[in-house]
Amino acid sequence: ASGTGKTRMLEEIENKFKRSGFNLIHLDCSHQTSIRLLKAIIKKLLCFPSGLAMEWLEEVRLTQYFADINKDAKFFSAIKSFIQGDYLNAANLKLISKAILLLLDKPVLNNHVLLILDNIQDADSIIEDLVKDINDYFKDRRSHVCVVVAMNTEVTGKNGLDQESF
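Residues numbered from 1 in each chain as written. Predicted model: local features only at pLDDT ≥ 70, side-chain atom pairs only at ≥ 80, totals over all residues. Heavy atoms only, no water.

### Section: helix H1 (residues 6-19)
Phase 1: With 14 residues, H1 should cover 20 Å at 1.5 Å per step; its first-to-last C-alpha distance of 20 Å lies within 8% of that length.
Phase 2: Here H1 has its buried residues at Lys6, Leu10, Glu14 and Phe17. Relative to the axis of H1, the buried residues are bounded by an arc of 75 degrees and lie together on one face. For H1, exposure combined with an orientation more than 90 degrees from the buried face picks out Arg8, Lys16 and Arg19.
Phase 3: Along its buried surface, H1 packs onto strand E1 (23-28), strand E2 (113-118) and strand E3 (145-149). (Helix = DSSP H or I, 4+ residues; strand = E, 2+ residues; numbered from the N terminus. Expected span 1.5 Å × (residues − 1). Buried < 20%, exposed > 50% of the residue type's maximum accessible area, 1.4 Å probe, protein only. Arc of directions from axis to C-beta. Contact = heavy atoms within 4.5 Å.)

What follows is the structure, encoded as structure tokens:
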């Protein structure tokens, strides 16, 4: 809600986790498509180990990171196509979600990961499902992944998301 200190609270969370050595992914879901949000997550996860910031990921780099975690050519092809284009359908959506889970769980990420999704009320069900997938994937084991979702509780999102959705 406006004036309740949500932005300040997120800044404090970020600072605390940053001091503890976490890699940060902070995305604002306002005015963002699911495609842009998913791409941003994958690109940041791929860039953490090297510390490089790349506008577009090269095929060589994708091969390097996915070769040891999934040898399936269809999987690799879907990830590559998604990152290099704007195509998202039900079939490759499952693969994209799987890729994010594998990257979050990848041992090369020596540091922990904090994923903040601000204004989640403006996200669609694809992002909602991803948050639930991450929670389900990591819930029964000690994890190096923390997900924080923040929303304006006075506003129901454009796709009907509200605090009861999570």
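### Topic: the pattern of salt bridges
Where side chains of opposite charge bring their charged atoms close, a pairing between them can arise.
Phase 1: In this structure the tally under the stated criterion is four salt bridges.
Phase 2: The partner of aspartate 118 in a salt bridge is lysine 6, with the nearest N and O atoms 2.6 Å apart. Residue aspartate 118 is found in strand E2, and its partner lysine 6 is found in helix H1; the two are separated by 112 residues along the sequence. A single burial state applies to aspartate 118 and to lysine 6, both of which are buried.
Phase 3: Residues lysine 132 and glutamate 128 are paired through a salt bridge, measuring 2.9 Å at the closest nitrogen-oxygen approach. Residue lysine 132 and its partner glutamate 128 are both found in helix H6 (residues 125-138); the two are separated by four residues, about one turn of the helix.
Phase 4: In this structure lysine 132 comes out as partly exposed when scored by relative accessible area, which is 35%.
Phase 5: Several salt bridges share partner residues, and in doing so they unite Arg8, Glu11 and Glu12 into one network. (Salt bridge = Lys/Arg side-chain N within 4 Å of Asp/Glu carboxyl O.)

### Examining unusual backbone geometry
Phase 1: Phi at histidine 31 takes a positive value of approximately 60 degrees, unusual for a residue other than glycine.
Phase 2: Positionally, histidine 31 belongs in the loop between E1 and helix H2 (34-47).
Phase 3: For histidine 31, a relative accessible area of 78% corresponds to the exposed category.
Phase 4: The backbone of asparagine 119 sits at a positive phi, close to 55 degrees, despite the residue not being glycine.
Phase 5: Here asparagine 119 shows up in the loop between E2 and H6.
Phase 6: On the accessibility criterion, asparagine 119 (14% relative accessible area) is buried.

### Overview of the nonpolar core
Phase 1: Ile41, Ile42, Leu45, Ile100, Leu104, Leu117 and Ile134 are the most contacted members of the largest nonpolar core, which has 31 residues in total.
Phase 2: At the level of secondary structure, the elements contributing two or more residues to this core comprise E1, H2, helix H4 (73-84), helix H5 (90-105), E2 and H6.
Phase 3: If near-sequence neighbours (up to four positions away) are discounted, isoleucine 100 is found in contact with Leu38, Ile41, Ile42, Leu45 and Leu130.
Phase 4: Leu10, Phe17, Leu114 and Ile116 belong to the second-largest nonpolar core, a separate cluster that totals seven residues. (Core = buried A, V, L, I, M, F, W, Y, C linked by side-chain atoms within 4.5 Å.)

### A few points about the sheet that holds E1
Phase 1: On the basis of which strands lie adjacent, the open sheet formed by three strands has the order E1-E2-E3 and parallel pairing. Where the open sheet ends on each side, the last strands, each with one partner, are E1 and E3. Put simply, the sheet's adjacent strands are angled 10 degrees from each other on average, direction ignored.
Phase 2: Direction of pairing for E2 relative to E3: parallel, over a ladder of five bridges. Within the sheet, the bridge partner assigned to valine 113 lies in E3 and is valine 145.
Phase 3: Contacts from H1 reach E1, E2 and E3 within the one sheet, and its direction differs from that of E2 by about 170 degrees. (Pairing = 2+ DSSP bridges. Axes fitted to C-alpha atoms, helices over the stretch in contact; angles between N-to-C directions.)

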